[in-house]
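Structure at a glance
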Amino acid sequence: MKGIGFATAAAGLGFSFPLLRALASSGAASHGEGETLSTQLGMVVDIKKCLDENVRRACASACHLEHNVPEIPDTAEEIKWIWSEDYKTVFPDQAHARTADMYKDKPVLVLCNQCAKPACAKVCITGATFKRESDGIVMIDMHRCVGCRFCIAACPYGARSFNFRDPRPALARKGTLREDYPTRVKGAVEKCTFCVERLREGREPACVEAVKQVPGGEGALTFGDLSDPDSEVSRLLREKHTICRRVGLGFGPNVFYIV
Amino acid sequence: MEGNKIILDDKTKIIVVVIAVLIILFPVGYSVVAFAIAPSAQPFLEEADGEPCVRDLKYMRHNHWVLLKKVRDEVIHEAKQAEVKLKDCRKCHKSRERFCDKCHNAVNINFNCFDCHYYP
């Protein structure tokens, strides 16, 4: 009797205090492990093939050209959607003193992981960043972003960039302003979107398309639906040994690396 | 006491009352006349050339922003195909100055679509 009474009281409290309710159903709640989307797009990156600088450069320049990402030399203010970082920075829990020479201090291609449980979406105060249920992409509704930068602090992968200034002058200076893709404004946060605008037209992301043009880049990036067992990405993930960035944090990254 | 009394004859009284009434009614009369003789509040927009619009003229005049916001949310949040795109608008409404800005300036509405979306 006492137990039941306590449970009822706890449930009652839970209704009035969201935090208690969340604690009571910890884990299994809305962002629980068991919840999987019907479609989750993902990418498989072949680290070996991406060791070639031409491959990595082709990805980045294709992406940044496609999405009106300005080139800002100042690293404090730079904007990047897909870029390279050191192996030990990308995989801090994998790198050790005896890491193979092949990977040690070598650059790895990184981009937004389109997490299964994105921290950035959880902290977003306006709902501008959200996990889209139809394809599992972590989207930013630029019309709603107020530039609070909580998401930048929350993202453990550093995938987000802030527009410290109006990007248009920098783009116009280089003559790379594209008229068919919107730019951002000063004070907005941006990141990789797996090229939603291209997916809508049935095309592959710009980076995936770009690596195919580079000799030796074939298969460096593979893009597809992770929830479809017959897709190319699913086949690769079944056959090869892959690692993810900072799995221990539990955000469920959807970009996989073949080592 | 009697010496201080202002004595008005009937004619003066009528004049004073008429002037008072005119002063009181001036604001109302002014706006009525100004509205009647002012040029149309709607700025003249030239005809857009090209195919017929996605909605009829009346709907677009009064609700184009409703449509744009609806499509915006559908595309971003529900991953639907865009029913209409701003870049399609500029096929017919070629100049932002002559179409968008003209009206928005007349009704004093600030909008920020073109901070991000390119429109010539």
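First things first, this report covers the structure right here in the doc. (Residues numbered from 1 in each chain as written. Chains lettered and ligands numbered in written order. Predicted model: local features only at pLDDT ≥ 70, side-chain atom pairs only at ≥ 80, totals over all residues. Heavy atoms only, no water.)

**What to know about the side chain of A:N113**
- Mapped onto the secondary structure, A:N113 falls in the loop between β3 (107–111) and α5 (119–123).
- What makes A:N113 buried here is its relative accessible area of 1%. (Helix = DSSP H or I, 4+ residues; strand = E, 2+ residues; numbered from the N terminus. Buried < 20%, exposed > 50% of the residue type's maximum accessible area, 1.4 Å probe, protein only.)

**Considering the environment of A:A154**
All names here are of chain A.
- Within the secondary structure, A154 sits in helix α6 (residues 150–154).
- Taking the C-alpha atoms as reference points, A154 and V123, 31 residues apart in sequence, are found 7.2 Å from one another.
- In this structure, A154 is in contact with A119, C120 and V123, ignoring residues within four places of it in sequence. (Contact = heavy atoms within 4.5 Å.)

**A word on the interface of chain A and chain B**
- Between chain A and chain B, the contact holds 17 residues from the first and 17 residues from the second.
- Between chain A and chain B, a total of about 1,600 Å² is buried, with carbon and sulfur atoms accounting for 51% of that surface.
- Considering only the surface of chain A that becomes buried against chain B, A:H143, A:E179 and A:R200 emerge as the three largest contributors, covering 36% of it.
- At the surface where chain A touches chain B, the tally comes to zero salt bridges.
- Class assignment for the residues of the side of chain A that touches chain B results in four nonpolar, three polar and ten charged. (Buried area = accessible area lost by both parts, 1.4 Å probe. Salt bridge = Lys/Arg side-chain N within 4 Å of Asp/Glu carboxyl O. Nonpolar A, V, L, I, M, F, W, Y, C, P; charged D, E, K, R; others polar.)

**Quick notes on the pairing of strand β1 (residues 41–46) of chain A**
Residue and element names in this part refer to chain A.
- Extensive coverage of β1 is indicated by the burial of six of its six residues.
- Bridging between β1 and strand β8 (residues 221–225) involves five bridges; their strand directions are antiparallel. Paired with L41 across the strands is D225, a residue of β8.
- Of the strand pairs in this sheet, β1 and strand β10 (residues 255–258) are connected by four bridges, and their pairing is parallel. Paired with M43 across the strands is V255, a residue of β10. (Pairing = 2+ DSSP bridges.)

**What to know about the environment of B:M60**
- Checked against the element boundaries, B:M60 lands in helix α2 (residues 57–78).
- Every residue in contact with B:M60, bar those within four places of it in the chain, is listed here: B:C53, B:V54, B:R55 and B:L67.

Any functional reading would require information beyond the geometric quantities listed.
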